[in-house]
Each structure stands twice: as C-alpha cells, then as structure tokens.
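The residues making up each chain are set out below.
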Amino acid sequence: MIEDYRALAVFVAVADNGSFTQAGRHLHLSTSVVSHHISRLEEKLGISLFFRSTRAMSLTPEGERMLAPARRMVIAAEQALDSLSDESEQPVGELRITAPAFWDATEFNRRIWRFAQRFPQIRIKLHATDDQRDLIKEGFDLALRFGELSDSNLKSKRIGSFRRVLVSSPQYLKTRPPIKHPDDLQHCEFI
C-alpha cells in the first residue's frame, strides 16, 4: 500500500513537471526510478496515465480523472508532516536556492551559510549557475539574481547592489596610449 502512495506522489510530480526527467529532478530520483513507479502504477490499474511521444507528454482522460485526488493525497501528506514541524522550536525542511556562480565568493554566500549554522535542521541546497532556471518547474524556493528583472508573477525584493569598477595592471597601462575618455577603451584588451 505504501508503494501505491509513493507511485501516486511520483504520478503527481510527473504531471506537474511535464516529464519523467523533470519529475526526477524535483523528487531527487533517477528518471528510470520515476518511469518504474509510473509503469507499475499503470500496470496495477490496467490503464495508461500518459500519452507519450518523443517530444511531448500529456495526461490521458484516466490520468486527468486521477490527478486531482492524487494531488489532494500529496497535499494532505505534506500537511501532516508540516503539522509536526510546527511544534518544533526551530525551522525544519529543505531550502532550495539558485544563485549566480560568482556569488560563491560574496557576502551573500557567507550570509546563507551563517543562516544554515543558525538553523541546522534546514537542509540548504545551493545551485550555483549563471543560467536562468525555471524556478517553478525545478522546485526552487529562492533565486538570487542581479540586473533588471523581466516581468514575472514571482515576488522579488532588492537585497543589495553591486558597483562595477574598471581595473588594469600598471604594466598593461604602460603598453597603451593614455586613457582619457571612455572611447579610448575600444582598443584595449579585456578579460
């Protein structure tokens, strides 16, 4: 019976994420394990839950009927677990964060790890990448970004600012004509 509940939770994740691979990432399972759960559930029920092609996946009518009750089961399980953690003096759970790779050496990164030390029952998963991630599909709780934000339904808040500074080694400047105007930078080498 517990295996059935697990398979239903995997089914909801696949439906919500749109693919076995994305559901696996969300659940921290391999794609083959996700596929195994779905196959066993379909075999037990004697139906197909998804239409599959090489490019797309969608729910069958039977899958559509099953999704809402299965989602309620997953939500109920999460509420049951949350009700126990509400009694704890300390926050508990997992916090998934995505941030640019260069932030690893910034004050923001140090603050995240101070937070982790203060609340040891929170598991922090920090995904450092310069690629923009789909926060909803990939299950991120927080994204640290810089620059102009595109229009979004996500909530955002400015937490700091950066200043850019142009620097050069004295040796390099000796090899160049004097730089007196920003236009003089056009012929310089940059890293």
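Keep in mind the model is a prediction, meaning the values are calculated, not measured.

Visitor: Lay out the packing of aromatic side chains with the relevant residues and their values.
Guide: Under the criterion given, the structure shown has 3 aromatic pairs. Arranged with centres 6.4 Å apart and planes meeting at 75°, the rings of Phe 20 and Phe 50 form a pair that is edge-to-face. A residue pair is termed long-range when its members are at least 10 positions apart, and Phe 20 in helix H2 (residues 20-27) and Phe 50 in strand S1 (residues 50-52) qualify at 30 residues. Per residue, the accessibility class of Phe 20 equals that of Phe 50, and both read buried. For the pair Phe 115 and Phe 119, a centre-to-centre distance of 4.9 Å together with 50° between the ring planes defines the contact as tilted. Judged by its relative accessible area of 14%, Phe 119 is buried.

Visitor: Describe the sheet that holds strand S5 (residues 142-143), and please don't skip the residues or the numbers.
Guide: In spatial order, the strands read S4-S3-S5; together these 3 strands make up an open sheet with parallel pairing. Every other strand in the sheet has two partners, leaving strand S4 (122-128) and S5 as the edge strands with one partner each. Bridge analysis of strand S3 (residues 93-99) against S5 gives 2 bridges, and the strand direction is parallel. Among the inter-strand pairings, Ile 97 is bridged to a residue of S5, identified as Leu 142. Lying on the sheet, helix H5 (residues 107-118) is in contact with S3 and S4; it crosses S4 at an angle near 160°.

Analysis parameters
- Residues numbered from 1 in each chain as written.
- Predicted model: local features only at pLDDT ≥ 70, side-chain atom pairs only at ≥ 80, totals over all residues.
- Heavy atoms only, no water.
- Phe/Tyr/Trp six-rings, centres within 6.5 Å; stacked < 30°, edge-to-face > 60°.
- Helix = DSSP H or I, 4+ residues; strand = E, 2+ residues; numbered from the N terminus.
- Buried < 20%, exposed > 50% of the residue type's maximum accessible area, 1.4 Å probe, protein only.
- Pairing = 2+ DSSP bridges.
- Contact = heavy atoms within 4.5 Å.
- Axes fitted to C-alpha atoms, helices over the stretch in contact; angles between N-to-C directions.

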